[in-house]
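# Structure assessment
The chain contents come next:
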Amino acid sequence: MTKLAVISAGLREPSSTRQLADRLDAAVRAELGVRGDQATSEVVELRPLAHPIMDAMLTGFPSAALESAFETVANADGVIAVTPAFNASFAGLFKSFFDVLPEETLSGMPVLIGATGGTERHSLVLDHALRPMFSYLHALVAPTAVYAATEDFGATGQAALGQRVDKAAAGFARLLGACGEHQRRDTFSEQLSSMEKLLGG
Amino acid sequence: MAHVVAISSSPSSTSRTEAVLGTVTGALSADGHDVHTIALRGLPAAPLLLGDATDPSVAAAAERVTTADAVIVTTPVYKASFGGLLKTFLDLLPQYALQGKAVLPLATGGTPAHVLVVDYALRPVLSSLGATHVTPGWFVLSSHVTVAADGSVLLDEAASTPLAEVTRQFADAIGRLSPVRAAVAVA
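Residues numbered from 1 in each chain as written. Chains lettered and ligands numbered in written order. Predicted model: local features only at pLDDT ≥ 70, side-chain atom pairs only at ≥ 80, totals over all residues. Heavy atoms only, no water.

### Some words on the packing of aromatic side chains
For the record, the criterion: Any two rings among Phe, Tyr and Trp, with Trp reduced to its six-membered ring, count as a pair given centres within 6.5 Å; such a pair is stacked if its planes are under 30 degrees apart, edge-to-face if over 60, and tilted if neither.
Enumeration according to the criterion identifies seven aromatic pairs over all chains in this entry. Put simply, the rings of Phe 70, Phe 90, Phe 94, Phe 97, Phe 98 and Phe 134 of chain A together with Phe 82 of chain B pair up and form one aromatic cluster.

The structure is reproduced here in structure tokens:
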């Protein structure tokens, strides 16, 4: 049973970013369901975590709510991460969350990325801003990502967006299937065992 | 004399990013420019992260940037990109806030492997904000910056020489753009 963590960095309510995240989530779970995998998902909405994220940035210590969001991500087998595109890049809130997320949390983690924007002209944020950051975090980013512009949520764009979401979900489900259960990296024990090796001479 | 706004986005006041910025703003002030530094860590967290541009102190900071003649943008390198704190503030600015301005991008990081953050991550964002001239930036390796106990800053020559050069080019660009700014102001 695959566990998904869905990270949404939308700033407004209702949020088209959250809407895209929910559609990707539903499509991925449906695709996994066809394969006999009753996947579950948990949403990490960053908006209510804004204050704890800033506190963690300034003090280095996460609050209980932020710690619980970190746990949700760390315990997942796959992550769906969606941000609004601002100034041709990811949103500051989105980046701030990954700045304070403990190192190696996403190492080897399958990740499906998505972005929303007012215009389709900014689609390249996926490949020029999000993908490099997740590469740095050692995540396994699914080759097909989804960008949704405002008009994609209107009556005329809905069907085309649905097709893109389904295509990305199918690819991500294959990736999840190939990766299996995500082995959480325990950097504390890794450091401890290398220390023990040193002490053992 | 130009009004220059320097954006400091380090979460810590004793950071190397801050120290590097101090040497650049010091040089510009000595040249007679009026330099004002905005420390983003001093702005209220919730409005900043939630994109609330109506908060009085956030609005005042954004107004300072919008009305400046030139802007220096600094960031520590986190996760092979600019810091999230910087981006939260840039997200709050009006769409073409940097129009008519010279902009100097500076980054500080622990590894030379991340030098390209200036040109691949930061520069496109500044262009998107309408910057008229993003002058050559510089990536300062944190091991080239020593902050003494009394707060004085010692820069390795490998950092101070190129920093002086990009500062000079930035100052030149401010001068060249002054007729452009006058035109934007009239429009």
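### Some points on the packing of helix H4 (residues 92–100) of chain A against helix H4 (residues 84–92) of chain B
To keep things clear, this is the line we draw: To define axes, lines are fitted to C-alpha atoms, for helices over the stretch in contact only, and angles between the resulting N-to-C directions are given on a 0 to 180 degree scale. Per the convention used, a helix needs a DSSP run of H or I reaching at least four residues, while a strand needs a run of E reaching at least two, with both numbered from the N terminus. Under this scheme an angle from 65 to 115 degrees is roughly perpendicular, one under 35 degrees roughly parallel, and one over 145 degrees roughly antiparallel; angles in between are oblique. A contact between two residues is defined here by any heavy atoms of the two lying within 4.5 Å.
Two elements in contact, H4 of chain A and H4 of chain B, have axes whose closest approach is 7 Å; the angle formed by their N-to-C orientations is 170 degrees. As the angle between them shows, H4 of chain A and H4 of chain B are arranged roughly antiparallel. Residue-level contacts link Gly 92, Leu 93, Lys 95, Ser 96 and Asp 99 of chain A of H4 of chain A to Gly 84, Leu 85, Lys 87, Thr 88 and Asp 91 of chain B of H4 of chain B.

### A closer look at the interface of chain A and chain B
Selection rule: Buried area: the sum, over both parts, of the accessible surface (1.4 Å probe) that disappears when the two are put together. Any carboxyl oxygen of Asp or Glu that lies within 4 Å of a side-chain nitrogen of Lys or Arg is treated as forming a salt bridge with it. Any pair of nitrogen or oxygen atoms within 3.5 Å is treated as a polar contact; in protein, a donor-acceptor pairing is required on top of that, and neighbouring residues in sequence qualify only through side-chain atoms on both sides. Here the term charged refers only to Asp, Glu, Lys and Arg, the term nonpolar to Ala, Val, Leu, Ile, Met, Phe, Trp, Tyr, Cys and Pro, and the term polar to all other amino acids, Gly among them.
Contacts between chain A and chain B engage 25 residues on the former and 24 residues on the latter. The junction of chain A with chain B conceals about 2100 Å² of combined surface from both sides, 67% of it contributed by carbon and sulfur atoms. Counting the surface chain A buries against chain B, the share from its top three residues, Met 54, Asn 87 and Tyr 136 of chain A, is 29%. Run the count over chain A and chain B and you get one salt bridge. One salt bridge in this structure joins Lys 79 of chain B and Glu 103 of chain A, with 2.8 Å as the shortest N-O distance. Seen at the junction of chain A and chain B, the total is nine residue pairs in polar contact (both at pLDDT 80 or more). Mapped by element, the contributors of at least two residues to the side of chain A that touches chain B are helix H2 (50–59), strand E4 (89–90), H4 and helix H5 (125–136) of chain A. For the side of chain A that touches chain B, the residue count by class is 16 nonpolar, five polar and four charged.

### A word on the pairing of strand E1 (residues 3–8) of chain B
All names here are of chain B. Put simply, the test is: Throughout this description, buried means an accessible area under 20% of the type-specific maximum (1.4 Å probe, protein chains only), exposed means over 50%, and partly exposed covers the range between. When DSSP finds two or more bridges between a pair of strands, those strands are recorded as paired. Whether a crossover is right-handed depends on one test, that the path from the first strand over the helix to the second runs clockwise when the strands point away from the viewer.
Burial within E1 is extensive, with five of its six residues counted as buried. Pairing of E1 with strand E2 (residues 34–39), which is carried by six bridges, proceeds in the parallel orientation. Residue Ile 7 lies in a different strand from E2, and its bridge partner there is Ile 38. In this fold, E1 hands off to helix H1 (residues 16–30), which returns the chain to E2; that crossover is right-handed. Relative to strand E3 (residues 70–78), E1 runs parallel, the two being bridged by four bridges. In the sheet register, Val 4 faces E3, and the bridge partner there is Ala 70.

### So, the nonpolar core
Let me state the cut-off plainly: As used here, the term nonpolar core means buried Ala, Val, Leu, Ile, Met, Phe, Trp, Tyr and Cys residues forming a set that is joined through side-chain atoms within 4.5 Å.
Counting residues in each nonpolar core, the largest one holds 83 residues, and the members touching the most others are Phe 94, Phe 97, Phe 98, Leu 106 and Phe 134 of chain A together with Ile 7 of chain B. Apart from residues lying up to four places away in sequence, Leu 106 of chain A is in contact with Val 73, Val 79, Phe 98, Leu 101, Phe 134, Leu 137, His 138 and Ala 139 of chain A. Val 20, Ala 102, Ala 159 and Ala 173 of chain B belong to the second-largest nonpolar core, a separate cluster that totals 24 residues.

### Digging into the pattern of salt bridges
In total, this model carries 14 salt bridges over all chains according to the counting rule given. We note a salt bridge from Arg 168 of chain B to Glu 165 of chain B, for which the minimum N-O separation is 2.8 Å. One end of the pair is Arg 168 of chain B and the other is Glu 165 of chain B, both in helix H6 (residues 157–176) and three residues apart, which spans about a single turn. The partly exposed category is assigned to Arg 168 of chain B, whose relative accessible area is 43%. What makes Glu 165 of chain B partly exposed here is its relative accessible area of 32%. Via salt bridges that share partners, Arg 18, Asp 22 and Glu 45 of chain A belong to a single interconnected network.

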